[in-house]
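Coordinate inspection notes
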Amino acid sequence: MTVKQLSVFVENRAGRLSTITRLLGDNGINIRAMSIADTKDFGILRLIVNDSEKALEVLKANSYAVTCTNVLALRLSDKPGGLADAMTCLYKDNISVEYMYAAFISETEETAYLILRTDKTDEAVTALTEGGFKLVSDEEMRSL
Amino acid sequence: MEDQKLYRDKEHECMSREEMKALQSKKLVAQVKHVWDNVPYYRKKMEEMGVSPDDIKSVDDLHKLPFLSKADLRDAYPKGLLAVPQSECVRIQSTSGTTGKRVVAFYTQNDVDMWEECVARAIVAAGGTNEDVCQVAYGYGLFTGGAGLHGGSHKVGCLTLPMSSGNTERQIQFMQDLGATILCCTPSYAAYIGEVVKEMGLKPEDLPLKAGIFGAEPWTEEMRQEIEKSLGIKAYDIYGLTELSGPGVAFECSEQSGMHINEDHFIAEIINPETGEVLPDGTKGELVFTSIDKEAFPLLRYRTRDICVLSRKKCSCGRTLVKMAKPMGRSDDMLIIKGVNVFPSQIESVLIKMSNATPNYQIVVDRVGTTDTFEILVEISDDMFSDTIKTYEELQKKISQDIKSVLGIRAKIKLVEPKSIPRSEGKAVRVIDRRKLV
Ligand SMILES: [Zn+2]
């Protein structure tokens, strides 16, 4: 139960983000979640989109350095302590989070979506599922 | 007595034009014969052009001889241009570079003596006498900088401090403790020593130095002024190529405007690099040297790739030796960065290990103040792609370390997006040199 995340290498120079987002937009791809990790010279743009295969194809065709990784998309109830519960669940199984970021999508006021990458993807899926947390599949992400 | 302080060899340094021409002609005829008899590689070139030693009667016939280029040196590597039995050689020196591009020059004892005499002239022109303490902070080893200035310093009778480069605080300590009066190193290292002197809270007048002899890399007038100010010295330029002997082929005098070529050992010509046509004095073109009294490694009409101008204007120092301006650039692909010879192919050899694909990269050289900056842009290729910053940073670090171990100098590595380096006819533009000389 994972979703596909695209990671794009981007140099830190003006206009790079607008070029990439425009490219995806022009190809009918919706961005569901995104984050940037950066250093002085470059960054990695991480994207969850409605159609990862098409996005991958479009980015590669335009010579972007892009990789595809499996990450978790976690649905949380948007209330105090919701995130802490999920973290505790992972922590007790000795799983560490490499990074996480919030998604743009939200069906109701009560739910939030979080994108997570852990050191042990399969174990994290098991731990969270058994802990009663709701993970979103690629299929579901497409329709959200 | 006064003359001995001004010149190392007044007879040759102040020779009249006619006498010099006669001397050069005599030596050239003998040198051509020596090469013809002992270097089949060059003899074949002469035969292909239908030239024989009989055609060379004076320097006026020099233009009839075929050129030698760096490519010939590579073709003939390692011993194809050796003109004496190896048993008569006492030394080799070599330029830095990958094996394929390395130039190895051979010396007999006479060749070493001639070379060191040339350097001695440079030291005397910079005001050196046997009273001086000469600190040699050029690298020692295969590089001709250390060996050349060391030998010249001995000939002059200076107390020689064979420091080699690096360990700058110790350099300054020795300089002060032993009273070094002449510093010999690359100009960028001299500039760096100047910075360290300042950081240590010392003033130029705290140093016993009076002069510096700097070469092996291009440097500007602006840099000269900074070095002179920071070390409290007069800074003199010295020129040479390992292939020809090493530093000392030409040297600067008190006038500090161009370098006198040791014409009794090397004949200089300026040619049009496209056509090979010889150009008159005062015209910009490629500098070509002919050795006229070398034994082990004579080079006839060797194309240096240095773009330069010759001048026969009367010099205030009294020397009649022709002067060459600071070279304005190289038509070759070799770069000199921080005094080190850098071939793009060396960088390629490092990058090729990081990826299965042919690496695309660009070398960007600039100069900030008096120090060369050296940056390599590396386009990331498919098998380098990653989801984590850490992986890229490790890649950057690995490339940086490997470059340091191959070249001996550090480069800033910048990872860039695929296809982001401008292409020219499908090939990435390999070198951007923004250092402005003159
Ligand atoms: Zn002069």
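The following refers to the structure shown.

Rules used throughout
- Residues numbered from 1 in each chain as written.
- Chains lettered and ligands numbered in written order.
- Predicted model: local features only at pLDDT ≥ 70, side-chain atom pairs only at ≥ 80, totals over all residues.
- Heavy atoms only, no water.
- Pairing = 2+ DSSP bridges.
- Helix = DSSP H or I, 4+ residues; strand = E, 2+ residues; numbered from the N terminus.
- Axes fitted to C-alpha atoms, helices over the stretch in contact; angles between N-to-C directions.
- Contact = heavy atoms within 4.5 Å.
- Buried area = accessible area lost by both parts, 1.4 Å probe.
- Salt bridge = Lys/Arg side-chain N within 4 Å of Asp/Glu carboxyl O.
- Polar contact = N/O pair within 3.5 Å; in protein donor to acceptor, adjacent residues only side chain to side chain.

1. Quick look at the sheet that holds strand β19 (residues 361–368) of chain B
The pairing of strands in a sheet comes from backbone hydrogen bonds and takes either a parallel or an antiparallel form. All names here are of chain B. On the basis of which strands lie adjacent, the open sheet formed by 4 strands has the order β21-β20-β19-β24 and mixed pairing. Of all the strands in the sheet, the pair left with one neighbour each is β21 (412–416) and β24 (431–433). Taken pair by pair, the neighbouring strands of this sheet meet at an average axis angle of 20°, ignoring direction. Sheet analysis places β19 next to β24, joined by 3 bridges and oriented parallel. The residue bridging I363 from the neighbouring strand is V431, located in β24. Contacts from helix α12 (residues 389–407) reach β20 (371–379) and β21, with the element oriented near 140° to β21.

2. Observations regarding the sheet that holds strand β6 (residues 211–215) of chain B
Residues and elements named next belong to chain B. Spatially, β4-β3-β5-β6-β7-β8-β9-β15-β14 is the arrangement adopted by the 9 strands of the open sheet, whose pairing is mixed. Each edge of the open sheet is held by one strand with a lone partner, namely β4 (159–162) and β14 (310–311). Pairing of strand β3 (residues 133–136) with strand β5 (residues 182–185), which is carried by 3 bridges, proceeds in the parallel orientation. If you follow Q135 over to β5, its bridge partner there is L183. Where helix α6 (residues 109–125) meets the sheet, it contacts β5, β6, β7 (234–241) and β8 (246–252), and its direction lies at approximately 30° from that of β8. Helix α10 (residues 221–231) rests against β5, β6, β7 and β8 of the sheet, and its axis sits at about 130° to β7.

3. Quick notes on the interface of chain B and chain A
Contacts between the two partners involve 17 residues from chain B, matched on the other side by 24 residues from chain A. Between chain B and chain A, roughly 1,600 Å² of surface is buried when both sides are summed, and carbon and sulfur atoms account for 58% of that area. On the chain B side of the interface with chain A, the three residues burying the most area are B:D387, B:I389 and B:E417, jointly 43% of the side's total. Here chain B is connected to chain A by 4 salt bridges. Inspection of the region where chain B meets chain A yields 9 residue pairs in polar contact (both at pLDDT 80 or more).

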